[in-house]
Amino acid sequence: MGVCWDSADSGKSGMWDSLKQLGKVIRSVQAFGRELSNRSKVPGAKRVPSIGIALGGGFARGIAHIGVLKVLEEENIPVRMVAGTSVGAILGAAYCSGLTIAELEDLADRVRFTTFARWTLSRYGFATNDRMVAFLTQTLKVRTFEELRIPLAVTATNFNSGQAAVFASGSTSGSVIDPVRASCAYPGMFLPVEIDGKWLVDGMLSHPVPTRPLRDMGADRVLGVHLKGQWSKSAVPRHLFDVIGQSFAIAQDQMSAVWRSAADLVIEPDVAGFDYDDFRRAKELIRVGEQAMRRALPEVRRWLEMPDTAEIVRKTHPLLRPTPMPAD
C-alpha cells in the first residue's frame, strides 16, 4: 500500500514539474511576441508604402506610360496597384495581367488604330472599338479582376448621370474587357458601351488621371501620369475630331485641380510634339516616359525612406482616406 502511494506521489510531482516548465515556455513566447509588437510601434520605424500609379488618357500618346512603368521596375520600386483611364486602362490591364515590360514594348510597336477599332455608320459615333474584345482576349494573360496579379481600377463615365463608373479589384468581379472598352469610348468618335443596362463613355470625362480611385483602394502614395498636350498641333481645326478632341483637352485642363489634389506626385511626359494617332513613334513615346520618370525618381525614393508613410498620408490628406467597403 505504501509502495503504491509513493509511486503515485512521485508521478504527480514529475507531472507538476513538467507543467511548470511548459508554463515558463509559454510566458517566454508571450513576452517575445509583446517585444516584437512594441518594436513595430517604435516612432520612425520604416514601412514600405503602398504605391499606386494612375495612368491618364491620351490615345497613342499613352504609350509613354510604358516608359514610366519600365523605370519603376528597373529601380525596384514596387507598384501595388494601378488605375487607368482610356489608353491608361488598356496598358494598366495588360500590365496587371502579367505582361512584362518587354512584351508591352513589343505590343506598342505592333498596335495601330485598326488593331482595336473600325469605322462604322451610326448615330452615336464614327467608329466602334468592338475589335478590342479580340485584341484584349489575345493580349491579356488573365482576363478577370479576380485573376490580376496587381489590383486594377478602370474608369468610365455614366452617359446619363455623368457620374464616374469605377471598376476595381476587390469590388468588381468578372471580365476586365468590357470595362476597358467603356473606358476608351471617346464621345463622338467611338460608340458608347453598355454594361449592366448602363451606357458608358470614356473615363476621361470623370477621371482624366484616376488618382482618386487609388486612394479609395487604399494607396499610401499616389503617382499620377498626365499626358498633357494639344489634340492637334494645327492652329486651325482640320476636321471634326480636332474640334472634339481639343474641346475635351481644354475641359480636362480646367478640372485638373480635382485629380491633382489626390496625387502625391504628378509627372508629365513631354508628349506635346506627338499627334494623338502617332502609333508609329512608339519607341520615342516610351523614351519620353522614361525621361519623365527618371526626373521624378528622387521624390519617389524619398517615399521609401520616410518613416510611417501611412500616418503621414493620413495627416497630409485627411479627406483622402480609403472608402470603407459596404457590409453585405
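Quick caveat: nothing in here was measured; it's all calculated off a predicted structure.

Rules and cut-offs
Residues numbered from 1 in each chain as written. Predicted model: local features only at pLDDT ≥ 70, side-chain atom pairs only at ≥ 80, totals over all residues. Heavy atoms only, no water. Helix = DSSP H or I, 4+ residues; strand = E, 2+ residues; numbered from the N terminus. Buried < 20%, exposed > 50% of the residue type's maximum accessible area, 1.4 Å probe, protein only. Contact = heavy atoms within 4.5 Å. Axes fitted to C-alpha atoms, helices over the stretch in contact; angles between N-to-C directions. Parallel < 35°, antiparallel > 145°, perpendicular 65-115°, else oblique. Left-handed = near helix turned anticlockwise from the far one by under 90°. Nonpolar A, V, L, I, M, F, W, Y, C, P; charged D, E, K, R; others polar. Arc of directions from axis to C-beta. Salt bridge = Lys/Arg side-chain N within 4 Å of Asp/Glu carboxyl O. Pairing = 2+ DSSP bridges. Phe/Tyr/Trp six-rings, centres within 6.5 Å; stacked < 30°, edge-to-face > 60°. Lys NZ or Arg CZ within 6 Å of the ring centre and 35° of its normal.

S.K.: How do you make sense of the overall build of the protein chain when you look at a structure like this?
M.R.: Helix and strand counts for the protein chain stand at twelve helices and eleven strands. Classification of the 328 residues of the protein chain by burial places 47% in the buried group. Here the contacts in the protein chain between residues at least 6 apart in sequence split such that 76% fall between residues at least 24 apart.

S.K.: Any chance you could explain the packing of helix α2 (residues 64-74) against helix α4 (residues 101-110) here in plain terms?
M.R.: What describes two packed helices is the angle between their axes and the distance between those same axes. Close contact between α2 and α4 brings their axes to 10 Å; oriented N to C, the two are set at 165 degrees. Looking at the two axes, α2 sits roughly antiparallel to α4. Relative to α4, α2 is oriented so that their crossing is left-handed. From α2, I66, L69, K70 and E73 reach across to α4, where they touch I101, L104, E105 and A108. Here the contact of α2 with α4 is built from residues that sort into five nonpolar, no polar and three charged.

S.K.: Is there a simple way to think about α4 in this case?
M.R.: At 3.6 residues per turn, the α-helix brings residues three or four places apart onto the same side. All buried positions along α4 are accounted for by I101, L104, L107 and A108. One side of α4 carries all its buried residues, which in axial view fall inside an arc of 115 degrees. Opposite the buried face of α4, at more than 90 degrees from it, the exposed residues are A102 and R110. Elements that come into contact with the buried residues of α4 comprise α2, α3 (87-97), α6 (131-139) and α11 (282-305).

S.K.: Whenever I open this one, unusual backbone geometry confuses me. Can you help?
M.R.: Leaving glycine out, the prevailing phi sign among residues is negative, and the prevailing peptide bond configuration is trans. One non-glycine residue, N76, lies in positive phi territory at about 55 degrees. Positionally, N76 belongs in the loop between α2 and β2 (81-85).

S.K.: Looking at this structure, how should I read the side chain of K70?
M.R.: Following the sequence through the fold, K70 ends up in helix α2. For K70, a relative accessible area of 19% corresponds to the buried category. Aside from chain neighbours lying at most four places away, what touches K70 is I101, E105 and E290.

S.K.: Can you walk me through the pattern of salt bridges in this structure?
M.R.: Side chains that carry opposite charge are capable of pairing whenever their charged atoms lie near each other. All chains considered together, the criterion is met by 16 salt bridges. Across the pair D264 and R215 runs a salt bridge whose closest N-O atoms are separated by 2.6 Å. With D264 in the loop between α10 (256-260) and β11 (265-267) and R215 in helix α8 (residues 211-216), this pair connects stretches of sequence that are 49 residues apart. Among the residues examined, R215 registers a relative accessible area of 0% and is labelled buried. Across the pair E299 and R302 runs a salt bridge, and its minimum N-O distance is 2.9 Å. Residue E299 and its partner R302 are located together in helix α11, separated by three residues, close to a single helical turn. Residue E299 is classed as partly exposed on the basis of its relative accessible area of 27%. One salt-bridge network, in which partners are shared between bridges, spans E74, E75, R294 and R301.

S.K.: Just to check I follow, could you spell out the sheet that holds strand β4 (residues 125-128) for this structure?
M.R.: What links the strands of a sheet is backbone hydrogen bonding, and the strands pair in either a parallel or an antiparallel sense. On the basis of which strands lie adjacent, the open sheet formed by three strands has the order β3-β4-β7 and mixed pairing. Strands at the two margins of the open sheet, each flanked by one partner only, are β3 (118-119) and β7 (188-190). Here two bridges tie β4 to β7, and the two strands are oriented parallel to one another. The residue of β7 that forms the bridge with A127 is F190.

S.K.: Please clarify how the packing of aromatic side chains should be interpreted in this entry.
M.R.: For any two aromatic rings, the description comes down to two numbers: the centre-to-centre distance and the angle of the planes. One pass over the full model with this rule turns up two aromatic pairs. With 5.7 Å between their ring centres and 40 degrees between their planes, F59 and Y276 make a pair best called tilted. Placement of F59 in the loop between β1 (51-55) and α2 and of Y276 in the loop between β11 and α11 is noted, with a sequence separation of 217 residues between them. On the accessibility criterion, F59 (15% relative accessible area) is buried. You can call Y276 buried: its relative accessible area is 10%. Relative to F279, the ring of F59 has its centre 5.7 Å away and its plane inclined at 65 degrees; by these criteria the two rings are edge-to-face. Here F59, found in the loop between β1 and α2, pairs with F279, found in the loop between β11 and α11; they are 220 residues apart in sequence, far enough to count as distant. Note on accessibility: F59 and F279 belong to one class, buried. Taken together, the aromatic side chains of F59, Y276 and F279 make up a single cluster linked through ring pairs. For R149, the ring lying beneath its charged end belongs to Y95, and the centroid distance is 5.1 Å.

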